[in-house]
Amino acid sequence: MTNVVQLDPSFYIASGAERHVYLHPSDDRKLLKVMRPQEDQGRRFTFRDITTNWLPSVRLRLIRKEYDEYLRVQLNHSASDLRLPITHMYGLEQTNLGLACVAERVAGTNNPVGETLRDKIRNKTFTEKHLNALNDLVTRFYRFGIRAGDIKPHNLVFGHRDAGYECVLVDGFGDIHAVPVRSLGRWANALGLNDSFKQVALRTGLIWDKGQRQFSFPSAPAVAAEVSTSA
């Protein structure tokens, strides 16, 4: 009989639109992402939230898209030393709170998980080191042709993993749009990435150069703008 992982429902360390995130009780390199109850998600009047409220199966589709993209990228780039700019996915585990997605933990220096780009901008702790890590993530997104429909400041995390200190997209990868335009080819995906990173710049006050495909500071040494409340 399958062992059921026991979790305290109130002891999650992070929470997204669809899932609560828990530390894995027996493997400190991993996290468990458990679907939040529909009634626990609040009421926001965005297209995505309205859609998932009326069509709950859409939430499952978003998770399937995440796994599909991870598998696609891994099969296309199978080198043993592959350093992806997205979190590794390790399958599923049954918990007392429901089925959990098992994901890589990007650890903080003094916290269980790393700090998001949104928080680093808000706390004015975003430095040249973090800008370089963010631009490294950008370069690898284009190099590997990774599709991501939800690149937002709150999904970009700075922390430690096996390869060292990095910026990692921890959620929102996969072509999640109703019309999967980004899946038409690398050119279509590149256009989508350009738009996504432009939106990140608008939310953080950074400057996005689509020609160089890099972010920069608007003025040294720190970003003056705050992250928008809608990020």
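Residues numbered from 1 in each chain as written. Predicted model: local features only at pLDDT ≥ 70, side-chain atom pairs only at ≥ 80, totals over all residues. Heavy atoms only, no water.

## Thoughts on the layout of surface pockets
Then, number 1: In this model, the second largest pocket occupies a volume close to 270 Å³.
Then, number 2: In terms of lining residues, the second largest pocket is bounded by 15 residues, among which H88, E104, R161, D162 and A163 are the most central.
Then, number 3: Taken together, the residues of the lining of the second largest pocket break down into four nonpolar, two polar and nine charged. (1 Å grid on protein atoms, 1.4 Å probe; cavity = no way out; pocket = protein on both sides within 12 Å on 5 of 7 lines; lining within 4 Å. Points joined across faces, edges and corners; volume = space filled by probe spheres on them. Nonpolar A, V, L, I, M, F, W, Y, C, P; charged D, E, K, R; others polar.)

## As for the nonpolar core
Then, number 1: Counting 38 residues, the largest nonpolar core has F126, L134, F141, I151, L156, F197 and F215 as the members making the most contacts within it.
Then, number 2: Counting residues per element, the ones that place at least two in this core are α2 (57-76), β5 (98-104), α3 (117-122), α4 (128-144), β7 (156-161), β8 (164-169) and α5 (186-204).
Then, number 3: L7, Y22, L32 and A100 belong to the second-largest nonpolar core, a separate cluster that totals seven residues. (Core = buried A, V, L, I, M, F, W, Y, C linked by side-chain atoms within 4.5 Å. Buried < 20%, exposed > 50% of the residue type's maximum accessible area, 1.4 Å probe, protein only. Helix = DSSP H or I, 4+ residues; strand = E, 2+ residues; numbered from the N terminus.)

## Remarks on the packing of aromatic side chains
Then, number 1: Applying the stated criterion across every chain yields a total of eight aromatic pairs.
Then, number 2: Relative to F197, the ring of F141 has its centre 6.2 Å away and its plane inclined at 85°; by these criteria the two rings are edge-to-face. Taken together, the residues F141 in helix α4 and F197 in helix α5 connect sequence positions 56 residues apart. Each member of the pair, F141 as well as F197, is classed as buried.
Then, number 3: Centre to centre, the rings of W208 and F215 are 4.8 Å apart; their planes meet at 50°, and the pair counts as tilted.
Then, number 4: Of the residues examined, F215 reaches a relative accessible area of 4% and is grouped as buried.
Then, number 5: One residue, K30, lies across the ring of Y90, its end atom 4.8 Å from the ring centre.
Then, number 6: Taking the ring centre of Y165 as reference, the NZ or CZ of K129 above it sits at 4.1 Å. (Phe/Tyr/Trp six-rings, centres within 6.5 Å; stacked < 30°, edge-to-face > 60°. Lys NZ or Arg CZ within 6 Å of the ring centre and 35° of its normal.)

## Topic: the pattern of salt bridges
Then, number 1: Considering all chains together, one arrives at 13 salt bridges under this definition.
Then, number 2: One salt bridge connects D136 with R140, and the closest N-O pair in it is separated by 3.0 Å. Of this pair, D136 and R140 both sit in helix α4, four residues apart, roughly one helical turn.
Then, number 3: For D136, a relative accessible area of 26% corresponds to the partly exposed category.
Then, number 4: Since its relative accessible area comes to 1%, R140 is described here as buried. (Salt bridge = Lys/Arg side-chain N within 4 Å of Asp/Glu carboxyl O.)

## Observations concerning unusual backbone geometry
Then, number 1: The backbone phi angle of K124 is positive, close to 55°, even though this residue is not glycine.
Then, number 2: Looking at the element boundaries, K124 is found in the loop between α3 and α4.
Then, number 3: Phi is positive for R213, close to 55°, though the residue is something other than glycine.
Then, number 4: Turning to its location among the elements, R213 is positioned in the loop between β9 (207-209) and β10 (214-216).
Then, number 5: On the accessibility criterion, R213 (34% relative accessible area) is partly exposed.

## Topic: the environment of A103
Then, number 1: Locating A103 in the fold gives a position in strand β5.
Then, number 2: Sequence-wise, A103 and T87 are 16 residues apart; in three dimensions their C-alpha atoms are separated by 6.7 Å.
Then, number 3: Apart from the residues within four sequence positions on either side, A103 is in contact with R29, K30, L31, K33, H88, M89 and Y90. (Contact = heavy atoms within 4.5 Å.)

## What about α4?
Then, number 1: Over its 17 residues, α4 runs 24 Å from end to end, which matches the ideal 24 Å to within 8%, given 1.5 Å per residue.
Then, number 2: What α4 keeps buried is the set H130, L131, A133, L134, N135, L137, V138, R140, F141, Y142 and F144.
Then, number 3: Summarising the contacts, the buried residues of α4 are in contact with α3, β7, β8, α5, β9 and β10.
Then, number 4: Of the residues trailing α4, G145 is marked for its positive phi of about 65°. (Expected span 1.5 Å × (residues − 1).)

## Examining the environment of E18
Then, number 1: With respect to the element layout, E18 can be found in the loop between β1 (14-15) and β2 (19-23).
Then, number 2: Looking at E18, the relative accessible area reads 9%, which means it is buried.

## Some words on the packing of α4 against α5
Then, number 1: Where α4 contacts α5, the axes come no closer than 10 Å and their chain directions differ by 160°. Taken together, α4 and α5 sit at an angle that is classed as roughly antiparallel. The crossing of α4 and α5 is right-handed. The segment α4 lies against α5, with L137, V138, F141, Y142, R143 and F144 engaging R186, A190, L193, N194 and F197. (Axes fitted to C-alpha atoms, helices over the stretch in contact; angles between N-to-C directions. Parallel < 35°, antiparallel > 145°, perpendicular 65-115°, else oblique. Left-handed = near helix turned anticlockwise from the far one by under 90°.)

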